[in-house]
Amino acid sequence: MALGSMRQKRKTFTPPRLMITSLMDMFTIILIFLLFSFSDNPETITLDANLDLPRSEAKLDHEECIRLVFTRDSLKLEDEVIATVQEGHIVGLDPKNLKNSELYKKLRKIYEDSTTNAAPSMNIEEAVAEDDTAATRDLNIPDKKKPLLFLCDKQHTFKSINQVIKTAGMAGFPNFQFAVLKK
Amino acid sequence: MACFSRVRRNREMDDEINMVPIMNMFMVLIPFLLMSASFFHIKAINTSVPVLAEGSQEDHAEKQISVTVVVKLRIDGINTSSLSNDLSKKELADLEGDFSFDAGNEKAYAAFSEHLMKVKKRYPKSDTLIIIPAEDIIYDTIIQTMDVARKTDEDTLFPNVVLSASLG
């Protein structure tokens, strides 16, 4: 009796079929979305949570460069925190003595490392010692050097930004790329 | 009768499209696209701090007049003036402009853009613009001004933007 009913069950058994229509719909939507956000040059930069970049109509792609990140609460060179920011003021960056700052020292080191093979045409230290504001003018800086990619929060004032870019200029990086988000 | 229904059922099953290869393709495409997807696009604006040019640029055979536009960015508006070794004070004074934000930022930027177009049209060789923001100007405003100064919808205006602090 039991064997008979089992045989009957086996006969009537039909393999379960998955309803893949909804799965296909989902995949199609995902595929379209991903096709729209496809980029042949995907971003390798991760944006800090405390960094809100301004939007711009610029179309230029950024080059391989040294990243200087100025968030709402810190100043970072690549991924290393150099200084903290309190109410828009950079702690440890004295506007009257920029070359004593950690930022200047780190950038100088990068600059010197990148130009060890190139003969310097002028003593930069002398120019810097002479006058801070004139320091960036008289330097003969090789062009074939990585520029600085400056990622700055859009709410920072020029007062703070100027201290950073002036220090970078004094350290041998007068050319910048300002990072912006595509409009 | 039961035999006929089984044949019909088999035929119906054969008529269904085999979705398995399509699903396989999706399973390959989606991880690939996920890896190359970019959810934000970072672009760059080239700029520099002031540097002293080394060589003299006055040796060109055909000497075309170029001006350097100086843009003072204040919290209440934009002031423009121009610098050139080839123009008189009166000619340079004609190139001055003041655009107040009182009537709205959009209007001020539109008038500013129009003024820059006029300067560029008169002196097409000009390509440098110096922005001197006040200390309390935020970065977003500087970028907006740079956008307007660099180009309009059709034309390139002043692609070399230099950011400088006020010396005064």
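Anything mentioned here points back to the structure above.
A. Expanded view of the overall build of chain B. A count of helical and extended segments in chain B gives five helices and six strands. Listing every helix and strand of chain B by position from the N terminus yields α-α-β-β-β-α-β-α-β-α-β. Within chain B, contacts between residues separated by at least 24 positions form 62% of all contacts whose residues are at least 6 apart in sequence. Of the roughly 10600 Å² of accessible surface on chain B, a fraction of 54% belongs to carbon and sulfur atoms.

B. Spotlight on helix 2 (residues 20–35) of chain B. For helix 2 of chain B, spanning 16 residues, the distance from its first C-alpha to its last is 23 Å, which sits close to the expected 22 Å at 1.5 Å a residue. Met 23, Phe 26, Ile 30 and Leu 33 of chain B are the residues of helix 2 of chain B that are buried. End-on view of helix 2 of chain B: buried residues confined to an arc of 100°, all on one side of the axis. For helix 2 of chain B, exposure combined with an orientation more than 90 degrees from the buried face picks out Val 28 and Met 35 of chain B. If you follow the buried residues of helix 2 of chain B, they end up packed against helix 2 (21–36) of chain A.

C. Structural view of the side chain of Ser 56 of chain A. Relative to the elements of secondary structure, Ser 56 of chain A occurs in strand 1 (residues 55–56). A polar contact is formed between the side chain of Ser 56 of chain A and the backbone nitrogen of Ala 58 of chain A, at a distance of 3.0 Å. Setting aside anything within four residues of it in sequence, one finds Ser 56 of chain A in contact with Val 180, Leu 181, Lys 182 and Lys 183 of chain A together with Ile 45, Ile 143 and Asp 147 of chain B.

D. Inspection of unusual backbone geometry at higher detail. In this structure, Glu 78 of chain A is a non-glycine residue whose phi angle is positive, near 55°. Along the chain, the position of Glu 78 of chain A falls in the loop between strand 4 (74–77) and strand 5 (80–86).

E. Molecular detail of the pattern of salt bridges. Residues and elements named next belong to chain A. This structure, assessed with the given rule, holds 13 salt bridges over all chains. A salt bridge links Arg 67 to Asp 79, with the shortest nitrogen-to-oxygen separation between them at 3.9 Å. Residue Arg 67 is found in strand 3 (residues 66–70), and its partner Asp 79 is found in the loop between strand 4 and strand 5; the two are separated by 12 residues along the sequence. Taking the relative accessible area as the measure of exposure, Asp 79 reaches 65% and is therefore exposed. Between Arg 72 and Asp 153 there is a salt bridge, with its nearest N and O atoms 2.9 Å apart. Here the residue Arg 72 occupies a position in the loop between strand 3 and strand 4, and Asp 153 occupies one in the loop between strand 7 (148–152) and helix 6 (158–170), the gap between them amounting to 81 residues. You can call Asp 153 buried: its relative accessible area is 1%. One salt-bridge network, held together by shared partners, links Arg 67, Glu 78 and Asp 79.

F. View of the interface of chain A and chain B. Listed as interface residues are 55 residues of chain A and, on the opposing side, 47 residues of chain B. Between chain A and chain B, roughly 4700 Å² of surface is buried when both sides are summed, and carbon and sulfur atoms account for 68% of that area. Remark: the boundary between chain A and chain B carries one salt bridge. The closest approach of N and O atoms between Lys 43 of chain B and Asp 61 of chain A, which form a salt bridge, is 2.6 Å. Between chain A and chain B we count 14 residue pairs in polar contact (both at pLDDT 80 or more) in total.

Procedures and definitions
- Residues numbered from 1 in each chain as written.
- Chains lettered and ligands numbered in written order.
- Predicted model: local features only at pLDDT ≥ 70, side-chain atom pairs only at ≥ 80, totals over all residues.
- Heavy atoms only, no water.
- Helix = DSSP H or I, 4+ residues; strand = E, 2+ residues; numbered from the N terminus.
- Contact = heavy atoms within 4.5 Å.
- Areas by Shrake-Rupley, 256 points an atom, 1.4 Å probe, with all protein chains shown as cover.
- Expected span 1.5 Å × (residues − 1).
- Buried < 20%, exposed > 50% of the residue type's maximum accessible area, 1.4 Å probe, protein only.
- Arc of directions from axis to C-beta.
- Polar contact = N/O pair within 3.5 Å; in protein donor to acceptor, adjacent residues only side chain to side chain.
- Salt bridge = Lys/Arg side-chain N within 4 Å of Asp/Glu carboxyl O.
- Buried area = accessible area lost by both parts, 1.4 Å probe.

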